[in-house]
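Okay, here's what each chain looks like letter by letter:
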Amino acid sequence: MRLRLTLPFLFFLFIPVLVWSQTMKSPNGLLELGFELNQGVPTYTLTYKGKPVILPSKLGLELKNKPSLLDGFEIFELKHNNFDEIWAPVWGEESQIRNHYHEMEIHLEQPSTSRNLIIRFRLFDDGLGFRYEFPAQSNLAHFVLKEERTQFAMAGDHLAFWIAGDYDTQEYDYTESRLSEIRGLMESAITGNISQTSFSPTGVQTALMMKTDDGLYINLHEAALINYSTMHLNLDDKNMIFESWLTPDAIGDKGYLQAPGQSPWRTVIVSDDAREILASRITYNLNEPSKIKDSSWIKPMKYMGVWWEMITGKSTWHYTDDYAAIDLNSIDYSNARPNGKHGATTANVKRYIDFAAEHGFDGLLVEGWNVGWEDWFGNFKDYVFDFVTPYPDFDLVEIRQYAKSKGVEMIMHHETSASVRNYERHLDLAYQFMKDNGYNSLKSGYVGYILPIGENHYSQWIVNHYQYAIEKAADYQIMVNAHEAVRPTGVGRTWPNLIANESARGTEYQAFGGSKPNHVTILPFTRLIGGPMDYTPGIFEMDISKLNPENNSWVNSTLANQLALYVTMYSPLQMAADLPEHYEKFIDAFQFIKDVAVDWDKSWYLEAEPGKYLTIARKAKGKKEWYVGNVNGNESRLSNITFDFLEPNKSYIATIYTDAKEAHYRNNPQAYTIKRFLVSNKSKLSQFSAPGGGYAISITEADKSATKGLRKL
Ligand code: NOJ
Ligand code: CA
């Protein structure tokens, strides 16, 4: 169904009124947008069920060496449109997405400069999107942004789940505080990272999740970040007004634009039910439809990796300890002594292939397979990797053939060390090398400060690089999972070969000292609003010193919580991150990871409270299988759910993997139980979750012969 309705245009030719206002309601009437042109300054407001979400907030942009686009405007034209369609994503939390909004398109004219600006608002039932559009015009062809000055005025001192505004990393734990407390907590919120550039004592990143005292959940983010710099938010904490703060480039400019052109969408998702924030599809709906016509080569997948052993320090990415510095043009590794700890050896890779094949995994990632890791970060080294030359102990051809014979796809790894120029220089050869060797998917990474020096991970130029790498990969039919790249903004709708990003604090931090136990109850409300995350769950051994005696990190999670993450952290790409030997030890629990789907027909958000808990049920795409995941915060809790998402009048077998009563993320994480029950869509469950714990359920239709002796739930 596709319906586009354009209401009769209303023309206003330079009507010089002091205050001009318009309102628009969402399709269900619960949200109301107000727009006002007050003495030439555009402002907007938003309410939900009559409660304020955004108080009067200014709109506009400041330009470099040109008069600003902040004031002096008059109304030129107004258009109202309605739109309603259902589209089918290539992968997703559901197989059909409704895109339904009311639109207001406000054409402004700045008579003193003879320039035009359009502000386009789209009001959905679950929130607002708006952007600036710069129509083609003679007085505004090319221009440089000094700053975008979009305000989001809050109606109170809300509770916020925030990470420090930073031009280079999102790999932080979330801080939960009142808005007024951000300034006092900022210093402790900025924990160490290999590259980081924070910019303000009240600057935070999006997606920002908030809760108001009168029970509204408000989420601020952006959609379709294309050819523009990443937006952060800076808080005026006297007046509780956020203002956009774009990421600068090496010389401090915030973006180079030309007309016609537009900004990304600024989004405000709102509801009085936290579950609706998770169910919102605004971010995808504000992106363009897929540009990949034949997407048959894009396949959700579950994978393992020669990876966790390097992350924990059990083995190394690099091959030799002989050299403090290497030159890729002249190095001869055949003279180097192997350090004996290199992870990507042919024998070790084959061991993983065997395990992955035996347990039905689609793919295997191998890091540290290619030359250059001896001095790979922290040195601003330009020519750091060539992406095509394997280490001497990694027999690429033998591994390729072995993996193929076992039905396991090899996943390529390109760590760029943030040397973006070097990566672009090698990109075509590197992608061609992948195709020649049977690799269809890629994990890329951008660790360290960006080269060219002075650029930031989230400035326009680098955002354009990430996009270039995705689009070029599509030419080669390669799927991309980019780490340390900019956080996603729904671009996976347009380029579904972007199957995941990291772009947040992933499981690796559990081996770098640990993450907060409730981290995974916040990520779906923040980072995942923009798209899937390669969170790399599935850690069964929480005591990292058992892998590497020199690493005292502890994974702040129970084993059952690790299982639940496959459902709660939506991604079409899911890793089983731990070592084969740890899965062998808990082979009954590992069954859930083997069974769980990675692509879905439908999702039900059963319980949710950011920072505390969430419970999600999903139906596997094209299959009669359902999976449920519950993750829990710092306190133990009883989760109460009904199984009414199942089809009526049918019998199902539910296998429930739960924390044992005595489980606790800190001192008893591996205490779990597995029980099987008969369930129907009338069944109810009241289930204990430990601190940092949770549960996972797999549900299949009951085959009569298999139900003997099973208790009804
Ligand atoms: C950081 C990534 O997040 C991690 O997954 C990867 O192993 C290292 N960089 C090395 O590329
Ligand atoms: Ca990372």
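- Looking at an unreviewed UniProt entry, one finds the protein named Glycosyl hydrolase family 97, with Cecembia rubra as its source organism.
- Here is the UniProt Subunit (unreviewed entry) comment for the protein, exactly as written: "Monomer."
- Looking at the Cofactor (unreviewed entry) heading of the UniProt record, one finds this comment for the protein: "Ca(2+)".

Let's talk about the overall build of the protein
Here is step 1: The number of helices and strands found in the protein is 12 helices and 39 strands.
Here is step 2: Rg of the C-alpha trace for the protein: 26 Å, near the compact-globule value of 27 Å for 713 residues, within the 12% margin.
Here is step 3: The C-alpha extent of the protein, read off along each of the three principal axes, is 75 × 70 × 50 Å.
Here is step 4: When burial is assessed residue by residue, the protein has 64% of its 713 residues classed as buried.
Here is step 5: Here the contacts in the protein between residues at least 6 apart in sequence split such that 72% fall between residues at least 24 apart.
Here is step 6: About 25700 Å² of surface is accessible on the protein, with carbon and sulfur atoms providing 50% of the total.

Brief notes about the packing of helix H7 (residues 420-436) against helix H8 (residues 460-475)
Here is step 1: Two numbers describe how H7 lies on H8: the axes approach to 11 Å, and their chain directions differ by 5°. Considered as vectors, H7 and H8 are oriented roughly parallel to each other. Side by side, H7 and H8 meet where Val 420, Tyr 423, Glu 424, Leu 427, Asp 428 and Tyr 431 of the first sit next to Trp 461, Ile 462, His 465, Tyr 468, Ala 469, Lys 472 and Ala 473 of the second.
Here is step 2: Considering only residue class, the contact of H7 with H8 consists of 9 nonpolar, 1 polar and 3 charged.

Brief notes about the packing of helix H5 (residues 346-358) against helix H6 (residues 396-406)
Here is step 1: Packing of H5 against H6 brings their axes to within 10 Å, and their N-to-C directions diverge by 10°. By the angle between their directions, the pair H5 and H6 is classed as roughly parallel. Between H5 and H6, the contacting residues are Thr 346, Val 349, Lys 350, Ile 353, Asp 354 and Ala 357 on the first element and Glu 398, Ile 399, Tyr 402, Ala 403 and Lys 406 on the second.
Here is step 2: Looking at the contact of H5 with H6 residue by residue, the classes come out as 6 nonpolar, 1 polar and 4 charged.

Observations concerning a nonpolar patch on the surface
Here is step 1: Together, Phe 380, Tyr 449 and Ile 453 line one region of the surface with nonpolar side chains, adding up to about 310 Å² of accessible area.
Here is step 2: Mapped onto the elements of the fold, Ile 453 is located in the loop between strand E27 (441-445) and H8.
Here is step 3: With relative accessibility at 60%, the residue Ile 453 sits in the exposed group.

With respect to the coordination of the calcium ion (ligand 2)
Here is step 1: Bound to the calcium ion (ligand 2) on the protein side are Glu 171 (OE), Glu 484 (OE), Glu 502 (OE), Glu 502 (OE) and Glu 508 (OE), at distances that span 2.2 to 2.5 Å.
Here is step 2: Around the calcium ion (ligand 2) sit 6 donor atoms; with metal-centred angles ranging over 53 to 166°, the donor geometry is irregular.

Remarks on the site of ligand 1
Here is step 1: Taken together, 14 residues are adjacent to ligand 1, and Glu 367, Glu 415, Lys 443, Glu 502 and Glu 508 come closest.
Here is step 2: Here an oxygen atom of ligand 1 and a side-chain polar atom of His 483 are 2.9 Å apart.
Here is step 3: The contact in question runs from an oxygen atom of ligand 1 to an N or O atom on the side chain of Glu 484, over 2.9 Å.
Here is step 4: Protein chains shield 95% of the accessible area of ligand 1, which is 290 Å² for the free molecule.
Here is step 5: Of the residues assigned to the shell around ligand 1, the class counts are 6 nonpolar, 2 polar and 6 charged.

Considerations on the environment of Lys 621
Here is step 1: In this fold, Lys 621 is placed in the loop between strand E32 (613-620) and strand E33 (625-632).
Here is step 2: We classify Lys 621 as partly exposed; its relative accessible area is 29%.
Here is step 3: Separated by 528 residues in the primary sequence, Lys 621 and Glu 93 have C-alpha atoms spaced 9.2 Å apart.
Here is step 4: When residues no more than four places from it in sequence are discounted, the contact partners of Lys 621 are Pro 89, Val 90, Trp 91, Ser 95, Asp 599, Trp 600 and Asp 601.

A few points about the pattern of salt bridges
Here is step 1: Within this structure, the stated rule accounts for 42 salt bridges.
Here is step 2: The closest approach of N and O atoms between Glu 133 and Arg 120, which form a salt bridge, is 2.5 Å. With Glu 133 in strand E11 (residues 127-134) and Arg 120 in strand E10 (residues 115-124), this pair connects stretches of sequence that are 13 residues apart.
Here is step 3: Exposure remark for Glu 133: the relative accessible area of 9% places this residue in the buried category.
Here is step 4: One salt bridge connects Asp 601 with Lys 619, and the closest N-O pair in it is separated by 3.0 Å. Pair noted here: Asp 601 is in strand E31 (residues 600-609) and Lys 619 is in strand E32, with a separation of 18 residues, a long-range link.

Regarding the sheet that holds strand E28 (residues 479-483)
Here is step 1: Pairing is parallel across the open sheet formed by 7 strands, whose spatial order is E29-E28-E27-E26-E25-E24-E30. One side of each edge strand has no neighbouring strand; the edge strands of this open sheet are strand E29 (498-501) and strand E30 (573-575). Going from strand to strand, the sheet's axes swing by 25° on average, the running direction of each strand aside.
Here is step 2: Alignment of E27 against E28, held across 5 bridges, turns out to be parallel. Within the sheet, the bridge partner assigned to Ser 444 lies in E28 and is Ala 482.

Side note on unusual backbone geometry
Here is step 1: Following Ala 259, the chain continues into Pro 260 via a peptide bond in cis, with omega recorded as 0°.
Here is step 2: Note the cis peptide between Leu 451 and Pro 452, where omega equals 10°.
Here is step 3: Relative to the helices and strands, Pro 452 resides in the loop between E27 and H8.
Here is step 4: Located in the positive-phi region is Phe 387, a residue other than glycine, with phi close to 70°.
Here is step 5: In this structure, Phe 387 sits in the loop between strand E25 (363-366) and H6.

As for the pairing of strand E35 (residues 652-659)
Here is step 1: By the criterion of burial, E35 is predominantly enclosed, with 8 of the 8 residues buried.
Here is step 2: Bridge count between E35 and strand E36 (residues 672-679): 8 bridges; the pairing is antiparallel. Following the sheet pairing, Asp 659 is matched in E36 by Tyr 672.
Here is step 3: Of the strand pairs in this sheet, E35 and strand E38 (residues 694-701) are connected by 7 bridges, and their pairing is antiparallel. Note that in E38 the partner of Ile 656 across the bridge is Ile 697.

Looking at the environment of His 359
Here is step 1: Mapped onto the elements of the fold, His 359 is located in the loop between H5 and E25.
Here is step 2: Each C-alpha atom of the pair His 359 and Trp 87 lies 34 Å from the other, and the pair is 272 residues apart in sequence.
Here is step 3: With residues near it in sequence (within four places) discarded, His 359 still touches Ile 587, Phe 590 and Lys 594.
Here is step 4: Polar contacts involving the side chain of His 359 include one to the side chain of Lys 594, which spans 3.0 Å.

Concerning the side chain of Thr 320
Here is step 1: The topology assignment puts Thr 320 in the loop between helix H4 (308-311) and H5.
Here is step 2: Of the residues examined, Thr 320 reaches a relative accessible area of 1% and is grouped as buried.
Here is step 3: In terms of polar contacts, Thr 320 uses its side chain to reach the backbone amide nitrogen of Asp 322, at 3.0 Å.
Here is step 4: Polar side-chain contacts of Thr 320 include one of 2.7 Å to the backbone oxygen of Arg 337.
Here is step 5: Among all residues touching Thr 320, those that are not within four sequence positions of it are Tyr 333, Ala 336, Arg 337, Asn 339 and Glu 374.

Definitions and cut-offs
Residues numbered from 1 in each chain as written. Chains lettered and ligands numbered in written order. Predicted model: local features only at pLDDT ≥ 70, side-chain atom pairs only at ≥ 80, totals over all residues. Heavy atoms only, no water. UniProt positions renumbered as here; feature names shortened; annotations may be inferred. Helix = DSSP H or I, 4+ residues; strand = E, 2+ residues; numbered from the N terminus. Rg over C-alpha atoms; globule rule 2.2 N^0.38 Å. Buried < 20%, exposed > 50% of the residue type's maximum accessible area, 1.4 Å probe, protein only. Contact = heavy atoms within 4.5 Å. Areas by Shrake-Rupley, 256 points an atom, 1.4 Å probe, with all protein chains shown as cover. Axes fitted to C-alpha atoms, helices over the stretch in contact; angles between N-to-C directions. Parallel < 35°, antiparallel > 145°, perpendicular 65-115°, else oblique. Nonpolar A, V, L, I, M, F, W, Y, C, P; charged D, E, K, R; others polar. Patch = residues over 30% accessible without salt bridge, like charges linked within 9 Å, V, L, I, M, F, W, Y side chains within 5 Å. Salt bridge = Lys/Arg side-chain N within 4 Å of Asp/Glu carboxyl O. Donors = N, O, S within 2.8 Å, 3.2 Å for Na, K, Ca; no water. Tetrahedral: all angles 85-135°; square planar, octahedral: opposite > 155°, others 65-115°. Near = heavy atom within 4 Å. Polar contact = N/O pair within 3.5 Å; in protein donor to acceptor, adjacent residues only side chain to side chain. Pairing = 2+ DSSP bridges.

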